[in-house]
Amino acid sequence: MVSLLFRWRTLVVGFSACLACAQAVSEETAVPEQQAAQSEQVAEPADAQATEAQDVAEGVEVQPRAPVMSSVSAWMDRPKLFLPDDYPDRTRILRGDVDPYDVFWEVPESWAVRGGMYAEYDTLEAYGRMREAAARDGVHLVILSAFRSFRHQRFIWETKWQDRYERLAGVSARDIALNIMRYSAMPGTSRHHWGTDIDLNAFNNAYFDTPEGKPVYDWLKAHAGEYGFCEVYSSRASGRTGGYEPERWHWSYIPTASRYLAAYVEADEAAPKGFEGDVAVPEIDWLSEFVLGIDPECLWGPEQEGKGRALPAPLILSSIDAPAEEAVDTDRPLLEAGQCIPEGWTHDILLRWKESGYPLTEGEGAAGYLAMLEHCLADPNPDIRDGIAYEGITDILRSDRAQEAELRELKQRLLDRMTDTENDPLGFSRPFAALALAEVARTDRIEAWMSQGERRTLLAAGADYTANVRDYRGFIEGEGWRHGVAHGADLLMQLSLNPEIGEGEAFMIAKAVFDAIGSREAPVFSFEEPQRLARPILFLVQRGLLTEEQIAIWMEVLADPAPHDSWQDDEASARRENIRAFATILLEAAQGREDGDLDAVVTGAEHLLARVP
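Position labels on residues start from 1 in each chain and follow its written sequence. Thresholds applied to this predicted model are a pLDDT of at least 70 for local features of residues and 80 or more for the giving and counting of side-chain atom pairs; totals over whole chains, interfaces and linings are not thresholded and use all residues. Excluding hydrogens and water, the side-chain figures rest on all heavy atoms present in the structure.

Caption draft 1: Spotlight on the overall build of the chain. In DSSP terms, a helix is any run of H or I states spanning at least four residues, a strand is any run of E spanning at least two, and both are numbered starting from the N terminus. For the chain, the helix and strand inventory stands at 26 helices and eight strands. For every residue, the accessible area (1.4 Å probe, protein chains only) is compared with the maximum for its type, and the residue is labelled buried under 20%, exposed over 50%, or partly exposed between those bounds. Buried residues in the chain amount to 53% of all 613 residues. Counted over contacts in the chain with a minimum sequence separation of 6, partners at least 24 positions apart contribute 74%. Carbon and sulfur atoms provide 50% of the accessible area of the chain, an area that totals close to 26,900 Å². Note on definitions: a residue-residue contact is assigned when non-hydrogen atoms from the two residues lie within 4.5 Å. Accessible surface is estimated by sampling points in the Shrake-Rupley manner with a 1.4 Å probe; for residues, cover comes only from the protein chains shown.

Caption draft 2: Seen up close, empty space enclosed by the protein. The pocket and cavity definitions rest on a 1 Å grid over protein atoms only: a 1.4 Å probe that fits but cannot leave marks a cavity, an open set with protein on both sides within 12 Å along at least five of seven lines marks a pocket, and residues lining either have an atom within 4 Å of a point. Grid points are joined across faces, edges and corners, and a volume is the space filled by probe spheres set on the points. Under the defined criterion, the tally for this structure stands at four cavities of 30 Å³ or more. Considered as a void within the structure, the largest cavity measures approximately 140 Å³ in volume. If you go around the largest cavity, you meet 16 residues; those closest to its centre are Tyr183, Ala185, Ser190, Glu247 and His250. As a working rule, the residues Ala, Val, Leu, Ile, Met, Phe, Trp, Tyr, Cys and Pro are called nonpolar, Asp, Glu, Lys and Arg charged, and the rest polar, with Gly in that last group. Class assignment for the residues of the lining of the largest cavity results in five nonpolar, six polar and five charged.

Caption draft 3: How the structure looks around the packing of aromatic side chains. Paired rings are identified among Phe, Tyr and Trp, the last through its six-membered ring, by centres lying within 6.5 Å, and are further divided according to the angle between planes into stacked (under 30 degrees), edge-to-face (over 60) and tilted (the rest). Under the defined criterion, the tally for this structure stands at 20 aromatic pairs. Geometrically, the ring pair formed by tryptophan 161 and tyrosine 165 is stacked, given 6.2 Å between the ring centres and 20° between the ring planes. Taken together, the residues tryptophan 161 and tyrosine 165, both in helix α9 (residues 150-167) and four residues apart, mark about one turn of the helix. With a centroid separation of 6.1 Å and an interplanar angle of 80°, the aromatic rings of phenylalanine 203 and tryptophan 249 are classed as edge-to-face. Taken together, the positions of phenylalanine 203 in the loop between β4 (197-200) and α11 (213-223) and tryptophan 249 in the loop between β5 (229-230) and β6 (250-253) put the pair 46 residues apart, joining distant regions of the chain.

Caption draft 4: Highlighting the sheet that holds β4. In this description, strands pair whenever DSSP reports at least two bridges between them. Taken in spatial order, the four strands line up as β3-β4-β6-β5 in an open sheet, and their pairing is antiparallel. In this open sheet, the two strands that pair with only one neighbour each are β3 (143-145) and β5. By the bridge criterion, two bridges tie β3 to β4 in an arrangement that is antiparallel. Bridge assignment links serine 145 to a residue of β4, and that residue is aspartate 199.

Caption draft 5: Quick peek at helix α16 (residues 367-375). Buried residues of α16: Tyr369, Leu370, Ala371, Met372, Leu373 and Glu374, and no others. Where α16 is buried, its residues touch α15 (347-355), α17 (382-398) and α18 (404-418).

Caption draft 6: Seen up close, the nonpolar core. As used here, the term nonpolar core means buried Ala, Val, Leu, Ile, Met, Phe, Trp, Tyr and Cys residues forming a set that is joined through side-chain atoms within 4.5 Å. Counting residues in each nonpolar core, the largest one holds 141 residues, and the members touching the most others are Ile284, Leu397, Met418, Ile537, Phe582 and Leu586. Per-element accounting of this core gives the leading share, nine residues, to helix α19 (residues 429-446). Counting residues in hydrophobic clusters, the runner-up holds 34 residues, among them Tyr121, Ala133, Ala134 and Phe229.

Caption draft 7: Highlighting the state of the cysteines. Cysteine sulfur atoms that come within 2.5 Å of each other are treated as a disulfide pair. In the structure shown here, the tally under the stated rule is one disulfide. Here cysteine 230 connects covalently by a disulfide to cysteine 298, the sulfurs 1.9 Å from one another. The sign of the -75° torsion about the S-S bond sets the cysteine 230-cysteine 298 disulfide as left-handed. Linking cysteine 230 in strand β5 with cysteine 298 in the loop between α13 (286-291) and α14 (314-326), this pair joins segments that are 68 residues apart in sequence. We classify cysteine 298 as buried; its relative accessible area is 4%.

Caption draft 8: Local environment of the pairing of β6. In β6, alternate side chains face the same way, and those of His250 and Ser252 on one face and Trp251 and Tyr253 on the other are all buried. Pairing of β4 with β6 involves three bridges; the strand directions are antiparallel. Residue pairing in the sheet places aspartate 199 in a bridge with histidine 250 of β6. Relative to β6, β5 runs antiparallel, the two sharing two bridges. Looking at the pairing, cysteine 230 lines up with serine 252 of β6.

Caption draft 9: Spotlight on the packing of α19 against helix α21 (residues 484-496). Contact pair α19 / α21: the axes reach a minimum separation of 8 Å and the direction vectors enclose 10°. Classed by the angle they form, the pair α19 and α21 counts as roughly parallel. Across from Pro431, Phe432, Ala434, Leu435, Leu437, Ala438, Ala441, Arg442 and Arg445 in α19, the residues of α21 making contact are Gly484, His487, Gly488, Asp490, Leu491, Gln494 and Leu495. Its residues assigned to classes, the contact of α19 with α21 shows nine nonpolar, four polar and three charged. Think of each axis as a best-fit line through the C-alpha atoms, taken over the contacting stretch in the case of a helix, with angles from 0 to 180 degrees between the N-to-C directions. When an angle is under 35 degrees it counts as roughly parallel; over 145 it counts as roughly antiparallel; between 65 and 115 it counts as roughly perpendicular; any other value is oblique.

Caption draft 10: Just the environment of tyrosine 472, in detail. Its location among the elements puts tyrosine 472 in the loop between α20 (452-468) and β7 (475-476). The buried category is assigned to tyrosine 472, whose relative accessible area is 16%. Considered as a pair, tyrosine 472 and glycine 427 are 45 residues apart in the sequence and their alpha carbons are 9.8 Å apart. For tyrosine 472, the contacting residues outside a window of four places in its chain are Val485, Ser519, Glu521, Ala522, Pro523 and Phe525. As used in this structure description, the phrase polar contact means that two N or O atoms lie within 3.5 Å; if the pair is within protein, one of them must be able to donate a hydrogen and the other to accept it, and residues adjacent in sequence are counted only when both atoms belong to side chains. A distance of 2.8 Å separates a polar atom in the side chain of tyrosine 472 from a polar atom in the side chain of serine 519.

Caption draft 11: Quick look at α17. Two axes are fitted around each residue, one to the seven residues ending there and one to the seven starting there, and the angle between them is reported as the bend at that residue. The largest bend along α17 measures about 25° and falls at glutamate 391. Of the positions making up α17, those classed as buried are Ile384, Arg385, Gly387, Ile388, Ala389, Tyr390, Gly392, Ile393, Thr394, Ile396 and Leu397. Taken together, the buried residues of α17 touch α15, α16, α18, α19 and β8 (480-481). One side-chain oxygen of the residue at the start of α17 lies 2.9 Å from the amide nitrogen of aspartate 383, identifying that residue as asparagine 381. Following α17 by one or two positions, aspartate 400 has its phi on the positive side, about 60°.

Caption draft 12: Expanded view of the packing of helix α25 (residues 573-591) against helix α26 (residues 602-611). Packing of α25 against α26 brings their axes to within 9 Å, and their N-to-C directions diverge by 145°. As α25 runs across α26, the sense of the crossing is left-handed. Counting all contacts with α25, which are made through Ile579, Arg580, Ala583, Thr584, Leu586, Leu587, Ala590 and Gln591, the residues of α26 involved are Val602, Ala605, Glu606, Leu608 and Leu609. By convention, the crossing between two helices is left-handed when the near helix turns anticlockwise from the far helix through less than a right angle, and right-handed when the turn is clockwise.

Caption draft 13: Representation of the pattern of salt bridges in the model. Take a side-chain nitrogen of Lys or Arg and a carboxyl oxygen of Asp or Glu: if they are within 4 Å of each other, that pair is a salt bridge. This structure, assessed with the given rule, holds 31 salt bridges. Between lysine 214 and aspartate 218 there is a salt bridge; the shortest N-O distance is 2.8 Å. Of this pair, lysine 214 and aspartate 218 both sit in helix α11, four residues apart, which is roughly one turn of that helix. With a shortest N-O distance of 3.8 Å, glutamate 374 and arginine 413 are connected by a salt bridge.

Caption draft 14: Up close: unusual backbone geometry. With an omega of 0°, the peptide bond running from leucine 83 to proline 84 counts as cis. By secondary structure assignment, the location of proline 84 is in the loop between α5 (72-77) and α6 (90-95). That bond from alanine 562 to proline 563 is cis: its omega, 15°, falls within 30 degrees of zero. Structurally, proline 563 can be placed in the loop between α24 (548-559) and α25. Notably, asparagine 201 is not glycine yet its phi reads approximately 70°, a positive angle. With respect to the secondary-structure elements, asparagine 201 resides in the loop between β4 and α11. On the basis of relative accessibility, which here comes to 17%, the residue asparagine 201 falls in the buried class. Of note in the backbone geometry, histidine 483 takes a positive phi value of approximately 60° without being a glycine.

Here it is in structure tokens:
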């Protein structure tokens, strides 16, 4: 049964809706193309019949047609179609190439951000009950988008296609299409064509983490299933490996949508076509990766309530389950260049993204981009690892485009990477995590957002990493940088500049620096490691957090040649050169300062150079 509110709304607006539909086609032709091509927030235009659509395309004037129903009672008594089975043309109903007035039911304006939306009958009835239940719990649900026609989806797609085709010159049609398909479906393949899927409250994943949005999302996660709705494009952690990027706002009424999904698998003639870029269709696994790329929990089973339908072949089910089984391997160390590039991106697209200044999709926030870039820090390809991943993180952070929650998430990812001693066989992952953490530490230095506990955890991890680096490779032709010692020193330098760092933390930084420069295993440093290690010491002295007496003690420790008999031993030569280089840098920096704020290092550095010939 339709809810009381829905019945009342239908009685009031039924007749006016019938009259309005007579003007739908002429109104649609008056909408500027650029307006119709906007995102999901744009009103979906009502589709004309196929012949009328052809007339519009050819510029023929279309006469308003008579209402389908001529009275309110006829509207109320119109048949509730069992879709898609009851529709005579399966291809058109699957592709959304229909007039919604003929097939679907109008969404009450009080349930949505505007009038003129349509949805499948059972979907709308179930949503009405869910909406009322949510309201009783203090949660307000509002529909932003429901049925979307083939023509409207084509406007969205072709606008994005034209933009990328112009900006990404030389990129293949397949790669352009996959890039668009991160967030937008090909015309003819969108679940919104079925009238079973609705977008709720906000087109922004981050909204559902806010004080306003989190109660909405938590309620839907807990109760939407009771009314037949499922979050089809859930997070990857749910076991979904294919399909589009997560959309917390997108909920599907499974009993009806499952019938569409099963019919889509059987309807070969429903393959996407009739839009710019459809030449890429044969090169893309659009059915199993995207149409079927939903959360496995959203597949209908015979034991569930409602007149749904299971997918027609075990082979299809296995094609969905197979990627989840293979996902276990994605946690293995990256061994081949380019493995970090996500589906829908290519090296060329990444380079063009970099050249454009690493733009972020409006409303999406930085979290997804930072996660992708963080993953690429281990890539063996230096163009990706250093030239895109690290530089991209730096650009986003230094342009202040990451929110505090996104910074905190990135910090934890990088800490996990830097402290993982088991999964870095090529030696890129940990040092580049340290270098990226230096940028995270810099944001906290510019404007504090970490708690003192978080800051100390970061400092302890950075000090431990710097003191215990044993991979001393710097730059290797064809492989690029590793530079673990210098990257650890950069992290300590940013921390040494932080006004929240005190004397206790300064001692931890100094100990890590002196342990690193005095390492007995290190070769002769030849990639500016002594210079980078000297910086945190100089800044701490400048801030008055290290005294002349403390510096003298550390220098005396470095002056001891043990376990070698003397500094003349051949095995002590590399250590001797590193220590002398370090002391020389400190002394030259202090002697070049007229204000004397580095005088505390002079005596110790001179003593060290005298003791280590």
